[in-house]
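The lines below spell out each chain.
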Amino acid sequence: GLGVGRDWERAFRHHTPRESYDVVIVGGGVHGLATAHYLAVNHGITNVAVLEKSYIGSGGSGRNTAILRSNYLTPEGVRFYDRSVKLYEHLAADLNFNVMFSQRGHMTLAHNDSSLRTMHWRAEVNKLQGVDSSVIDPPEIKKLVPYLDVSPSTRYPILGALYHPPGGIIRHDAVVWGYARSADAHGVHIHQKTEVVGIDVVANRVTGVRTADGRRISAPVVVNCTAGWSTLISDMAGVAMPVQTFPLQAAVTEPVRPFLDTVVVSGTLHTYVSQTDRGELVFGASVDPFASYSTRGSLDFVEGLAGHVLELMPALSKMRLLRQWAGLCDMTPDYSPIMGLTPVEGFYVDVGWGTYGFKAGPVSGEAMAACIANGKPPEIIAAFGLDRFDEGRLVGEKGAAAVGH
Ligand code: PYC
């Protein structure tokens, strides 16, 4: 049995880096790989390198809780994430790779009048953008998630929920591998263990990058698709980003019989939970309360998480946690991303994802590829430019966060 798979073809090839590429993408997560895929497939731009300092998907793409949704608060955000859900819906067919998207529904609980008001607000904005969301009451919630304690005697009684049927979960690693395989098949070079340590800029124009192994790779276009390190990479090009980096922790239990068909989120109790196809419960919370680059788990996090989860679903008290981990979230002042051109010609950014990055992978790749090919941001990301911070055009998306930050 151990020999099975030994002769499988590699999903993507190893190449010696060229001396120059038309486009260098920094960061081999879902954003970088999707950008490479859509550059090749939608625009015929294939002389592209993706440089990843570790292994592909080793950052936020492999550390998130795999939740997809488009039930945001601003019209710009709803349109953007809806396009991502639509791309995810046919991604398995587009990539010929099973990404296991399960549109099982997404429910955000309201435990007080002000969050119920926000749920109504989001539902109305969603409907106006053609996205399926509505506010449901405790008996409907109980029908969808029988294990939830909806009684009025809890510390934070459940008053209602924003219910979003198109939301769900996906196999996040498969999304990374599928985009990598497709980009590679179209001629893109993926270089793992290739850390960018410098970006060359001459007369306000990008000319290439330098790597930790001493190479200089020239390119007229460099795209920052990193998370966690986005400020450090942008600083190399002399572009300051209004971003602060915080760890976000998550944990997974032992597998049990399927009983939870819906993604459940509680902002008040700072937690979200879903059940994977293998039967494990995946939990997350809000970002850690201090800026840091640590990706270690903490006891403080699991203690708080366990207490909050048991307030929602007391029947889980005997379940054992198997693993915990953390990823890095680049928070912007308005909780919307920073995408598109920068003051340095040829230097593009796709950063500032906070806790929303994984679900935006496909639409970001599609939009960044169009931005690079046409030299200007497509309409769907026009609101997310870096210049909005100078011009006071913020896109406040904090109200759509799964949990408080
Ligand atoms: O925004 O859905 C979300 C989310 C889940 C985990 C982190 N963010």
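Relevant structure appears above.
Every value quoted in this text rests on a predicted model; they were computed, and no experiment measured them.

**Q** Give me the lowdown on the site of the ligand, citing residues and values where you can.
**A** Lining the immediate surroundings of the ligand are Thr-65, Ile-67, Arg-69, Tyr-272, Thr-355, Tyr-356, Lys-359 and Ala-402. Contact between the ligand and Arg-69: an oxygen atom at 2.6 Å from a side-chain N or O atom of the residue. In this structure, Lys-359 approaches the ligand through a side-chain N or O atom, which is 3.2 Å from an oxygen atom. Out of a free accessible area of 240 Å², the ligand has 95% covered by protein chains.

**Q** Kindly report on the side chain of His-164, identifying the contributing residues and their values.
**A** Relative to the elements of secondary structure, His-164 occurs in strand S6 (residues 160–164). Judged by relative accessible area, which is 0%, His-164 ranks as buried. Engagement of the side chain of His-164 in a polar contact is seen with the side chain of Ser-133, the distance being 3.1 Å. Leave out the neighbours within four places in its chain, and His-164 touches Arg-69, Ser-70, Asn-71, Gly-105, His-106, Val-131, Asp-132 and Ser-133.

**Q** Outline the pattern of salt bridges, supporting the account with residue identities and numerical values.
**A** Oppositely charged side chains can pair when the atoms bearing their charge come close. Counted by the stated rule, this structure contains 15 salt bridges. Between Lys-86 and Asp-82 there is a salt bridge; the shortest N-O distance is 3.0 Å. Here Lys-86 and its partner Asp-82 are both found in helix H3 (residues 75–89), four residues apart, which amounts to about one turn of the helix. A salt bridge links Arg-388 to Asp-334; its shortest N-O distance comes to 2.8 Å. With Arg-388 in helix H11 (residues 388–391) and Asp-334 in the loop between strand S17 (321–331) and strand S18 (338–341), the pair connects residues that are 54 residues apart, well separated along the chain. Classification of Asp-334 as buried rests on a relative accessible area of 4%. One connected set of salt bridges, linked through shared partners, spans Asp-200, Arg-210 and Arg-216.

**Q** How would you sum up the layout of surface pockets? Please name residues and give values.
**A** Taken as a whole, the second largest pocket encloses approximately 450 Å³ of empty space. Arg-171, His-172, Thr-276, Arg-278 and Val-282 are, among the 19 residues lining the second largest pocket, the residues nearest its centre. Broken down by secondary-structure element, the contributors of at least two residues to the lining of the second largest pocket are helix H7 (172–185) and S17. The class makeup of the residues in the lining of the second largest pocket is seven nonpolar, six polar and six charged.

**Q** Outline empty space enclosed by the protein, supporting the account with residue identities and numerical values.
**A** Under the counting rule described, the total for this entry stands at two cavities of 30 Å³ or more. Of the pockets and cavities examined, the largest cavity occupies roughly 50 Å³. Every residue along the wall of the largest cavity is listed here: His-111, Asp-149, Thr-154, Tyr-156, Ile-158, Leu-269, Glu-311 and Leu-312. Residues of the lining of the largest cavity, tallied by class, amount to four nonpolar, two polar and two charged. Here the second largest cavity defines a volume of roughly 30 Å³. Forming the walls of the second largest cavity are Met-331, Thr-332, Tyr-335, Ser-336, Gly-352, Trp-353, Gly-354, Thr-355 and Tyr-356.

**Q** If you had to explain the pairing of strand S12 (residues 221–224) to someone new, which residues and values would you point to?
**A** Of the two faces of S12, the one holding Val-221 and Val-223 and the one holding Val-222 and Asn-224 are both buried throughout. Both strand S1 (residues 23–26) and S12 contribute to a ladder of four bridges, which runs parallel. Residue pairing for S12: Val-26 is matched across the bridge by Asn-224.

**Q** Pulling in residues and values, what's your account of the nonpolar core?
**A** Residues Ile-25, Phe-80, Val-175, Tyr-179 and Val-223 are the most contacted members of the largest nonpolar core, which totals 57 residues. Listing elements by their share of this core, those giving two or more residues are S1, helix H1 (30–43), strand S2 (48–51), H3, helix H4 (91–95), H7, S12 and helix H10 (361–374). Residues Ile-141, Val-150, Val-273 and Val-309 belong to the second largest nonpolar core, which totals 26 residues.

Cut-offs applied
- Residues numbered from 1 in each chain as written.
- Predicted model: local features only at pLDDT ≥ 70, side-chain atom pairs only at ≥ 80, totals over all residues.
- Heavy atoms only, no water.
- Near = heavy atom within 4 Å.
- Polar contact = N/O pair within 3.5 Å; in protein donor to acceptor, adjacent residues only side chain to side chain.
- Areas by Shrake-Rupley, 256 points an atom, 1.4 Å probe, with all protein chains shown as cover.
- Helix = DSSP H or I, 4+ residues; strand = E, 2+ residues; numbered from the N terminus.
- Buried < 20%, exposed > 50% of the residue type's maximum accessible area, 1.4 Å probe, protein only.
- Contact = heavy atoms within 4.5 Å.
- Salt bridge = Lys/Arg side-chain N within 4 Å of Asp/Glu carboxyl O.
- 1 Å grid on protein atoms, 1.4 Å probe; cavity = no way out; pocket = protein on both sides within 12 Å on 5 of 7 lines; lining within 4 Å.
- Points joined across faces, edges and corners; volume = space filled by probe spheres on them.
- Nonpolar A, V, L, I, M, F, W, Y, C, P; charged D, E, K, R; others polar.
- Pairing = 2+ DSSP bridges.
- Core = buried A, V, L, I, M, F, W, Y, C linked by side-chain atoms within 4.5 Å.

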